[in-house]
Amino acid sequence: MIYQVYPRSFADANGDGIGDIAGIRQRLDYLAGLGVDAIWFGPWYPSPMADAGYDVSDFRAIDPVFGTLDEVSALIAEAHDRGLRIIIDLVPNHCSDQHPWFQAALAGGPGAPERELFWFRPGRGPGGELPPTDWVGEFGGGTWTRTTNPDGTPGDWYLHLFTPQQPDFNWDHPRVRAEFEEILRFWLDRGVDGIRIDSAALLMKDPTLPEVHPDRPHPFHDLDGVHDIYRSWRRIADGYTPPRALIGEVWLPDRQRFANYLRPDELHTAFNFDFLTCAWDAAKLRDSIDGTLAEHVPIGAPATWVLSNHDVTRVVTRYGRADTTFSFASKREGIPTDLELGTIRARAAALLSLSLPGAAYVYQGEELGLWEVEDIPPELRQDPMYPRSGYVDPGRDGCRVPLPWSGDAAPFGFSPEGASSAPWLPQPATWKDRTVQAQTGDPHSMLELYRTAIRLRRELPALGDGALRWLDAPEGVLAFARDPGFACVVNLSADPVPIPAHRARLLTSRPVEGSLLPPDTAVWLATG
Ligand code: NOJ
Ligand code: CA
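Basis of the calculations
Residues numbered from 1 in each chain as written. Chains lettered and ligands numbered in written order. Predicted model: local features only at pLDDT ≥ 70, side-chain atom pairs only at ≥ 80, totals over all residues. Heavy atoms only, no water. Helix = DSSP H or I, 4+ residues; strand = E, 2+ residues; numbered from the N terminus. Buried < 20%, exposed > 50% of the residue type's maximum accessible area, 1.4 Å probe, protein only. Pairing = 2+ DSSP bridges. Contact = heavy atoms within 4.5 Å. Axes fitted to C-alpha atoms, helices over the stretch in contact; angles between N-to-C directions. Donors = N, O, S within 2.8 Å, 3.2 Å for Na, K, Ca; no water. Salt bridge = Lys/Arg side-chain N within 4 Å of Asp/Glu carboxyl O.

K.L.:
Outline the environment of P264, listing residues and values.
P.N.:
Within the fold, P264 resides in the loop between α7 (255-260) and β9 (269-270). What makes P264 exposed here is its relative accessible area of 60%. Sequence separation of P264 and A301 is 37 residues, and the distance between their C-alpha atoms is 7.8 Å.

Quick look at the structure:
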């Protein structure tokens, strides 16, 4: 099981209200106790934080708000001592507008060679006042920002698929490729076990800059040339002992195109967003699971099972709504939500995803049953999605609120006693019964459900890499067997259903009396 730490919101050791590396080091025993195999850390590089650290100004250092490179080395060593592997987040599509390369490109003016490392283009229209294309960015809004020439006149435009503070690199340029190969080695040499590759399908652009057209290849999504980059990275990763892992953030609706990233000489695995965005619906989940396994098994890549991350609505909230799918385009907040129902379903979903073949990911706080915080005052919101959507989409802050560890009131142990600042986003007062402390030892808590499920997942030979076999089940019920001697049954129908024959009940997602499995409930069975 791979646990995603969002460094800003995990644990704050120095009391400035922002999570840091020292805080993570103090909590490694918590992660080891949870049964984590590897930890994926969100970006911790120096950054003006225009996009929460995904705007990197130096790829070989640590932002002082998080700590130092020496502390990261210590963290890696301490994690390895506990048998935990380390995955870091690499952001190759873009950098911060404060990165020295981009600053040099701006200062160099039109035609400067430094500009070739990015996408600078004259505008359209007589005075160049229109952007080079009408592409829509990944956060909404345009993808080009006009520069001002060193002499003060309006100049060329530069491309940014995300915010204007995140200029896109030109991956056709050999210096960009060489630079990232070095950055990769820099971190792998420091003992990092794996790399999560941000926006992995976006790196290449069609240099003729065509408009997006439904019948033509997309100008920046999933261009074929991107695969060469990952082939060269794979050679680097394989050169280490033991080989290091490459994990792609690949949002692609086409399963075949997705699978291309997982060919034997490319990435080891990629996030399964098909499963993450899927409705709480037996037929749809089964289709997603079958499709995922069908694309992974032939190429020998492990499937991934992700319910949430730092970009999407928290599971407890999503499953408590009439529409249980996730999409960036749909509204996030102000939707009627039944958190109790969402929690019941999230518990069942945890047992489902932790018993499927492959790697399961848990985003920090999922194991505590945290919900999306929907009442963050507008002036405290940090996510650039909020202003870029014209203040319509509240953005992703609601799933990034600092974790509650202990105590009855904010900061709930996130920051130490006597901290100088409040947590960077306010925690709901009602999280007092969601803290690690409050849930520990409570057999009905989400945390103890996760602890038990992860322990069983490690103990049971059936929950390794082996295959899955669907069992006959009533409509609306997912039932599968894994050898030797294990079955998982999830009832997504509206009625109780009989629990199939078994030797023992290993775990249920909520208390089950008698022989019927209630709606929105999962059970793990020993069958052999
Ligand atoms: C995907 C990351 O997960 C997200 O948080 C970020 O805003 C974008 N990539 C841009 O780097
Ligand atoms: Ca701090």
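Next comes the rest of the description.
K.L.:
How would you summarise the sheet that holds strand β14 (residues 486-491) if you had to cite specific residues and measurements?
P.N.:
The strand order β12-β13-β14-β18-β16 describes an open sheet built from 5 strands, whose pairing is antiparallel. Strand pairing shows two members of the sheet lacking a second neighbour, β12 (469-470) and β16 (504-508), which therefore form its edges. On top of the sheet, helix α9 (residues 282-296) reaches β12 and β13 (477-482); it is set at about 35 degrees to β13, its chief contact.

K.L.:
Please give an account of the coordination of the calcium ion (ligand 2) that cites residues and values.
P.N.:
Here the calcium ion (ligand 2) is held by D12 (OD), N14 (OD1), D16 (OD), I18 (O) and D20 (OD), and the distances to it run 2.3 to 2.4 Å. Of note, the calcium ion (ligand 2) draws all its donor residues from one chain, in the sequence arrangement D-x1-N-x1-D-x1-I-x1-D. Residue D20 is classed as buried on the basis of its relative accessible area of 4%.

K.L.:
I'd love a proper account of the sheet that holds strand β3 (residues 85-90), names of residues and values included.
P.N.:
Strands in a sheet are paired, the pairing made by backbone hydrogen bonds, and the direction either parallel or antiparallel. Strand order in the open sheet formed by 8 strands is β9-β8-β7-β3-β2-β1-β11-β10, and the pairing between neighbours is parallel. The open sheet has two free edges, formed respectively by β9 and β10 (304-306), since each of these has just one partner strand. When strand β2 (residues 38-41) meets β3, the two strands line up parallel, connected through 4 bridges. The partner of I39 across the bridge, within β3, is I86. Along the sheet, helix α6 (residues 226-238) contacts β3, β7 (194-197) and β8 (245-248); its crossing angle with β8, the most-contacted strand, is approximately 150 degrees.

K.L.:
Describe the pattern of salt bridges, listing the residues and the values that go with them.
P.N.:
The full count for this structure, using the stated rule, is 31 salt bridges. We note a salt bridge from E249 to R196, for which the minimum N-O separation is 3.5 Å. Taken as a pair, E249 in the loop between β8 and α7 and R196 in strand β7 lie far apart in primary sequence, 53 residues in all. This pair shows no difference in class: E249 is buried, exactly as R196 is. Among the salt bridges present, the one from R396 reaches D311, with a minimum N-O distance of 3.1 Å. Of this pair, R396 sits in the loop between α12 (385-388) and α13 (436-439) while D311 is found in the loop between β10 and α10 (315-318), placing the two residues 85 residues apart along the sequence. There is no split in this pair, since R396 and D311 are both buried.

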